[in-house]
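Reading the structure
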Amino acid sequence: MAFRRLIPIAVACSLTTAMATPAQASRTAPEPYCVVHKCIALTFDDGPAENTETLLKVLKKYKAKATFFMIGNRVKKNLKLVGKVAKDGHEIGNHTWDHKYFTDLTSQQIYVEVRDAQRIIKKATGKNPVLFRAPGGLYTEDAKEIVAKFGMVQIPGTVATKDYIKDYRNVKLLTSKALEIAEPGAVVLMHETVKETISSLPTVLRELTKQGYRFVTVSKLLEGQKLTPGEVYPDMLPDDSDEMEFPDGTEG
């Protein structure tokens, strides 16, 4: 500070003006990572589960980061494991307390589902989730307002491998589907509870790496965008072939 007081006022003003010029600011501010790289966000619902440890090992081998939308009552039983997921650099989103469809709940019940999951995830990771995914992709206006109150945005996913359908739970089929739907900027919906999905990942990660993809968290994918709590992101229409409302007897 003493050094700065010795600078003549005119010179100081000149320096300040120079620092504030848009041209220089644009040179110093880096572009968001996914503006300059070919990014894709892999997401896994309904954990933590018995496959989570294996999934973490696969992701680590291929230097991939992912986003886990976790169920609160399962987090409560696996606090240490959830903490490890976060420590490994993955993102954890809120997938409600016990995966009840919002269309079957009152506004107060939805609030409790979101609040309780938020609290237990923070206990496990030290951070409040900023991402939310509704069970079965079933959204309501009440849910939008409640999610906004907790400072989260909604991430339904833009494409899915459809591993929530039992007939799709074949390693070869899920591998083919994942490679087929991959595209820059996509948020891929999968489930860590489906063992065939986990078994398909080494091939999927290896092949997409060859294609130049970088595997990032959802927040990394959205970096640089102005996000409004409660709203749905990314600003991409889901593939018409990937229905996000799951029929009875499936998972979401």
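For the structure, check the block above.
Residues numbered from 1 in each chain as written. Predicted model: local features only at pLDDT ≥ 70, side-chain atom pairs only at ≥ 80, totals over all residues. Heavy atoms only, no water.

Now for the layout of surface pockets. Approximately 240 Å³ is the volume found for the largest pocket. Taken together, Ala86, Gly89, His90, Glu91, Ile92, Ile121, Thr125, Lys127, Asn128, Pro129 and Val130 make up the full set of residues lining the largest pocket. Going through the elements one at a time, strand E3 (91-94) and helix H8 (107-125) are the ones with two or more residues in the lining of the largest pocket. (1 Å grid on protein atoms, 1.4 Å probe; cavity = no way out; pocket = protein on both sides within 12 Å on 5 of 7 lines; lining within 4 Å. Points joined across faces, edges and corners; volume = space filled by probe spheres on them. Helix = DSSP H or I, 4+ residues; strand = E, 2+ residues; numbered from the N terminus.)

Per the stated rule, a full pass over the model turns up three aromatic pairs. Taking 5.7 Å as the distance between ring centres and 35° as the angle between the ring planes, the aromatic pair formed by Phe44 and Phe68 counts as tilted. Of this pair, Phe44 sits in strand E1 (residues 39-47) while Phe68 is found in strand E2 (residues 67-70), placing the two residues 24 residues apart along the sequence. Take Phe44: its relative accessible area is 0%, and that puts it in the buried class. (Phe/Tyr/Trp six-rings, centres within 6.5 Å; stacked < 30°, edge-to-face > 60°. Buried < 20%, exposed > 50% of the residue type's maximum accessible area, 1.4 Å probe, protein only.)

Another aspect to go through is the side chain of Glu196. Summarising the element assignment, Glu196 is placed in helix H11 (residues 195-210). Among buried charged residues, Glu196 stands out as having no salt bridge; its nearest opposite-charge side chain is Lys195, 4.9 Å away. Those residues within four positions of Glu196 in sequence are excluded, and the remaining contacts are Arg169, Asn170, Val171 and Leu174. (Lys, Arg positive; Asp, Glu negative; His and termini not counted. Salt bridge = Lys/Arg side-chain N within 4 Å of Asp/Glu carboxyl O. Contact = heavy atoms within 4.5 Å.)

Looking at the element boundaries, His191 is found in strand E7 (residues 187-191). Within the structure, His191 has its side chain in polar contact with the side chain of Asp163 (distance 2.8 Å). (Polar contact = N/O pair within 3.5 Å; in protein donor to acceptor, adjacent residues only side chain to side chain.)

Attention now moves to the pairing of E2. Burial along E2 is two-sided: Thr67 and Phe69 facing one way and Phe68 and Met70 facing the other are all buried. Note that E1 and E2 share four bridges and pair parallel. Along E2, the bridge assignment pairs Thr43 with Thr67. On the question of chirality, the crossover connecting E1 to the parallel E2 by way of helix H5 (residues 52-61) is right-handed. Here E2 pairs with E3 via four bridges, running parallel. Across the sheet, Thr67 pairs through a bridge with Glu91, a residue of E3. (Pairing = 2+ DSSP bridges. Right-handed = clockwise from strand over helix to strand, strands pointing away.)

For the rest of this paragraph, the subject is H11. In this model H11 runs 24 Å from its N-terminal to its C-terminal C-alpha over 16 residues, within 8% of the 22 Å that 1.5 Å per residue would give. Among the residues making up H11, those that are buried are Glu196, Thr197, Ile198, Ser200, Leu201, Val204, Leu205 and Leu208. Where H11 terminates, the next one or two residues include Gly212, which has phi positive at roughly 90°. (Expected span 1.5 Å × (residues − 1).)

Another point: unusual backbone geometry. A cis amide bond links Gly47 to the next residue, Pro48, at an omega of -5°. Checked against the element boundaries, Pro48 lands in the loop between E1 and H5. Put simply, Tyr233 and Pro234 share a cis peptide bond, and its omega is -10°. Secondary-structure assignment places Pro234 in the segment after helix H12 (218-221). Although it is not a glycine, Asp46 adopts a positive phi angle of roughly 75°. Note on placement: Asp46 falls in strand E1.

As a further point, take empty space enclosed by the protein. All told, the structure shown has one cavity of 30 Å³ or more when counted by the stated rule. In this structure, the largest cavity encloses a volume near 40 Å³. Along its surface, the largest cavity is lined by Ile40, Leu42, Ala178, Ile181, Val188, Met190, Val204 and Leu208. Secondary-structure elements contributing two or more residues to the lining of the largest cavity are E1, helix H10 (171-181), E7 and H11. Class assignment for the residues of the lining of the largest cavity results in eight nonpolar, no polar and no charged. (Nonpolar A, V, L, I, M, F, W, Y, C, P; charged D, E, K, R; others polar.)

Tallying each qualifying case throughout the model produces one disulfide. One disulfide bridge connects Cys34 with Cys39, the sulfur atoms lying 2.3 Å from each other. With the S-S dihedral at roughly -90°, the linkage between Cys34 and Cys39 falls on the left-handed side. You can call Cys34 buried: its relative accessible area is 19%. When its relative accessible area of 3% is taken as the criterion, Cys39 is described as buried. (Disulfide = S-S within 2.5 Å.)

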